[in-house]
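# Commentary on secondary and tertiary structure
Below, each chain spelled out in residue letters.
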Amino acid sequence: MLLFLDIDGTILPFGSSRPYPLYEGPEGPVAAGHPLLARADPGLGGRLAALGCVLVWATTWTTEDANDLLAPWLGLPPLPTVDWPDPPPDEEGVRHWKTRSLVEWAAGRPFVWVDDEIGAVDRAWVAAHHPAPALLHRVDHRYGLTDADFMVVREWLGGGSELL
């Protein structure tokens, strides 16, 4: 099972009116090379790895930034990264630009996609164009991945086979 991971708004929360917690990572409260990393809970890495999925970066962050800066902060090994082609024109005009590429990258395999920009059109498009089970789970960008998000993903992995 693949688990496609967005970073901004999913691993790194944005938009809350309350102050962001600053986490202590292996390099202290502000990681070298990227001051926003301190917003990412280093404990997320272990929780993501415990899901038992093949983790894949599905982000606009470069492979180097995701794997050289964020992965060590989260205690993760380097992960494969989806390379984004220039997005083709979207006939519907509302489907997320990542959706088609993630379905192609999955190549018929089941997957979970966690992102803060997933919508109903993405779910419908995946249901119509992807033969395997897929969970497209929208994360609240203000908080990033929460216990509730992990619960949804764990429940779906444990027996869910429908597109949610």
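The preceding data block contains the structure.
What you are looking at is a predicted structure, and each value in this text was computed from that prediction instead of being measured.

Attention shifts here to the nonpolar core. With 30 residues, the main nonpolar core has Leu5, Ile11, Trp57, Leu70 and Leu74 as its most contacted residues. Counting only elements with at least two residues in this core, the list comes to β1 (2-5), α1 (43-49), β2 (54-57), α2 (63-74), β3 (111-115) and α5 (147-157). If one sorts the elements of this core by residue count, α2 sits on top with five residues.

Before going further, it helps to spend a moment on helix α4 (residues 120-129). Looking only at α4, the buried set comprises Asp122, Trp125 and Val126. For α4, the arc enclosing every buried residue in end-on projection is 100 degrees, short of the 170-degree limit, so these residues lie on one face. Turned more than 90 degrees away from the buried face of α4 sit Ala120, Ala127 and Ala128, all of them exposed.

Now for the pairing of strand β4 (residues 134-138). Of all five residues in β4, four are buried, a share of seventy percent or more. As judged from the five bridges shared by β3 and β4, these two strands associate in the parallel manner. Bridge pairing in β4 links Trp113 to Leu136. Traced from β3 through α4 to β4, the parallel crossover comes out right-handed.

The subject of this paragraph is the environment of Arg95. Mapping Arg95 onto the fold places it in the loop between α2 and α3 (99-106). Taking the C-alpha atoms as reference points, Arg95 and Val121, separated by 26 residues in sequence, lie 5.6 Å from one another.

Looking now at the packing of aromatic side chains. Applying the stated criterion across every chain, the model contains three aromatic pairs. Relative to Trp97, the ring of Trp84 lies with its centre 5.1 Å away and its plane at 75 degrees, an arrangement referred to as edge-to-face. Taken as a pair, Trp84 in the loop between α2 and α3 and Trp97 in the loop between α2 and α3 lie far apart in primary sequence, 13 residues in all. Owing to a relative accessible area of 36%, Trp97 belongs among the partly exposed residues under this scheme. Each residue in the set Phe4, Trp105 and Phe111 is aromatic and connected to the rest through ring pairs, giving one cluster. In this arrangement the basic side chain of Arg47 is found over the ring face of Phe150, its NZ or CZ atom lying 4.1 Å from the centre.

It is worth spelling out the pattern of salt bridges at this point. Within this structure, the stated rule accounts for four salt bridges. Asp147 is the salt-bridge partner of Arg47, the closest N and O atoms lying 2.9 Å from each other. Here Asp147 lies in helix α5 and Arg47 lies in helix α1, a separation of 100 residues in the sequence. Residue class for Arg47 comes out partly exposed when judged on its relative accessible area of 31%. In this structure, Arg142 and Asp140 form a salt bridge, with 2.5 Å as the shortest nitrogen-oxygen distance. Assessed through its relative accessible area of 35%, Arg142 is described here as partly exposed.

Analysis parameters
Residues numbered from 1 in each chain as written. Predicted model: local features only at pLDDT ≥ 70, side-chain atom pairs only at ≥ 80, totals over all residues. Heavy atoms only, no water. Core = buried A, V, L, I, M, F, W, Y, C linked by side-chain atoms within 4.5 Å. Buried < 20%, exposed > 50% of the residue type's maximum accessible area, 1.4 Å probe, protein only. Helix = DSSP H or I, 4+ residues; strand = E, 2+ residues; numbered from the N terminus. Arc of directions from axis to C-beta. Pairing = 2+ DSSP bridges. Right-handed = clockwise from strand over helix to strand, strands pointing away. Phe/Tyr/Trp six-rings, centres within 6.5 Å; stacked < 30°, edge-to-face > 60°. Lys NZ or Arg CZ within 6 Å of the ring centre and 35° of its normal. Salt bridge = Lys/Arg side-chain N within 4 Å of Asp/Glu carboxyl O.

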